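This is what each chain is made of:
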Amino acid sequence: MTDIAHPHKIEHVAELLRNATRIAVLTGAGMSAESGIETFRQPQTGLWARYNPMELAHVDALARDPKTVTEWYHWRFSKCADAKPNPGHEALARLQQLKRDAGGDVAVLTQNIDGLHQVGGARDIVELHGSILRWRCQKTGEMRPIREVDFSSFPPTSEAGGVLRPDIVLFGEMLPIDALEAAERAVMSCDVFLTIGTSAVVYPAAGYIDLAISRGVPTVEINPDATPMTGSVSHALRGPSGAVLPELLRRMRD
Ligand code: BV8
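Residues numbered from 1 in each chain as written. Predicted model: local features only at pLDDT ≥ 70, side-chain atom pairs only at ≥ 80, totals over all residues. Heavy atoms only, no water.

1. Let's talk about the domain arrangement of the protein chain
For the protein chain, the domain assignment lists domain 1 (7–36 + 85–129 + 174–253) and domain 2 (46–82 + 133–168). Put simply, the middle of domain 1 and the middle of domain 2, counted by C-alpha atoms, are 28 Å apart. Tallying the contact residues gives 5 residues for domain 1 and 7 residues for domain 2. For the pair domain 1 and domain 2, the two sides together bury roughly 440 Å², of which 56% comes from carbon and sulfur. Inspection of the domain 1/domain 2 interface yields 1 salt bridge. Among the salt bridges present, the one from Glu127 reaches Arg134, with a minimum N-O distance of 3.1 Å. Residues belonging to the side of domain 1 that touches domain 2 are distributed by class as follows: 1 nonpolar, 2 polar and 2 charged. (Domains from an automatic or database assignment. Contact = heavy atoms within 4.5 Å. Buried area = accessible area lost by both parts, 1.4 Å probe. Salt bridge = Lys/Arg side-chain N within 4 Å of Asp/Glu carboxyl O. Nonpolar A, V, L, I, M, F, W, Y, C, P; charged D, E, K, R; others polar.)

So, in structure tokens, the structure goes:
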């Protein structure tokens, strides 16, 4: 395991990316931190330092108190509605285009629900935990963009009289099967695996890091802090994704 403290380590990772054809990338809330969106588990500032996830981000909480849970997610949306992609999102989109132009691919597997990878130019994003930009009727399954949801009262309801909830994966809910299948295919076929801005504690998403490590492909963690995976990945680049990713892209082009 190496760290960014030695610039030639970032040069080595840039070389890995330069030579890779298929790259799989797992991203978490840290990817959007530089866009001003709070993470979950950072001490003091994280959402879970102020709210109890089991009261708000759990399927049982939604069943027990749909008003509070839908209000909280509407508040979460209000915090990311004006957020802009940061240089990390844009660099990842450039990396994906660079590899696609060369006949390869970059599969972005995100735990984030803010849609910023797409706004930043990346395509075919695998939304492991869904998206706050889509809300779903619990009665009919009908999906609608958040801008078409009437938030004059909570929980919001559809014309069919069902509760409208965000199309996200709450604790205790299965991830979408098509996302699980796409993620598995990407990790099983990648030459290099990146884990960026995630504390690597939420499963099954964090399990993709274990899977990449078990395949023996080079694995790179980009995070200002250590995580439970830091000691197991091939390279740990200590720094914010909004700085490290553009630096890697710059070096790949040199
Ligand atoms: C399920 C909702 C089963 C959307 C979220 C083993 C296997 C399977 C499941 C489990 C298991 N063990 C436990 C479980 C249950 C549970 C789980 O994982 N619990 C954990 C907490 C122990 N998992 C589940 O419930 C999953 N479902 O397994 O279903 C099942 C089976 C059959 C039938 C029914 C059910 C569902 C998991 C998804 C839950 N939904 N959120 C939302 O509100 O956003 S989880 C939540 O955590 C978000 O999705 C978030 O993305 C995710 C992970 O957090 P991170 O993204 O990593 O964010 P965090 O704040 O933790 O870390 C930020 C990192 O960024 C830090 O490391 C920080 O240093 C770094 N950083 C900061 N600044 C920067 C930076 N990095 C780079 N640059 C910067 N500038």
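2. Overview of the sheet that holds strand β2 (residues 105–110)
Through backbone hydrogen bonds, the strands of a sheet pair up, either in parallel or in antiparallel fashion. Judged by pairing direction, the sheet is parallel, and its 6 strands sit side by side in the order β3-β2-β1-β7-β8-β9 without closing on themselves. Lying at the two open borders of the sheet, with one neighbouring strand each, are β3 (126–127) and β9 (235–237). In terms of strand pairing, strand β1 (residues 22–27) meets β2 through 6 bridges, oriented parallel. Within β2, the residue paired with Val25 across the bridge is Val108. Sitting on the sheet, helix α7 (residues 87–101) is in contact with β1, β2 and β7 (192–196), with an inclination near 145° to β2. (Pairing = 2+ DSSP bridges. Helix = DSSP H or I, 4+ residues; strand = E, 2+ residues; numbered from the N terminus. Axes fitted to C-alpha atoms, helices over the stretch in contact; angles between N-to-C directions.)

3. Comments concerning the site of the ligand
Inspection of the region around the ligand gives 34 residues, with Phe40, Arg41, His129, Thr198 and Ser199 positioned closest. Measuring from an oxygen atom of the ligand, one finds a backbone N or O atom of Phe40 at 2.6 Å. In isolation the ligand offers 1,500 Å² of accessible surface; the protein chains occlude 76% of this area. Elements with a minimum of two residues in the shell around the ligand: α2 (30–33) and α6 (66–80). For the shell around the ligand, the class distribution of residues is 17 nonpolar, 12 polar and 5 charged. The residues that make up the shell around the ligand include at least three from each of domain 1 (7–36 + 85–129 + 174–253) and domain 2 (46–82 + 133–168). (Near = heavy atom within 4 Å. Polar contact = N/O pair within 3.5 Å; in protein donor to acceptor, adjacent residues only side chain to side chain. Areas by Shrake-Rupley, 256 points an atom, 1.4 Å probe, with all protein chains shown as cover.)

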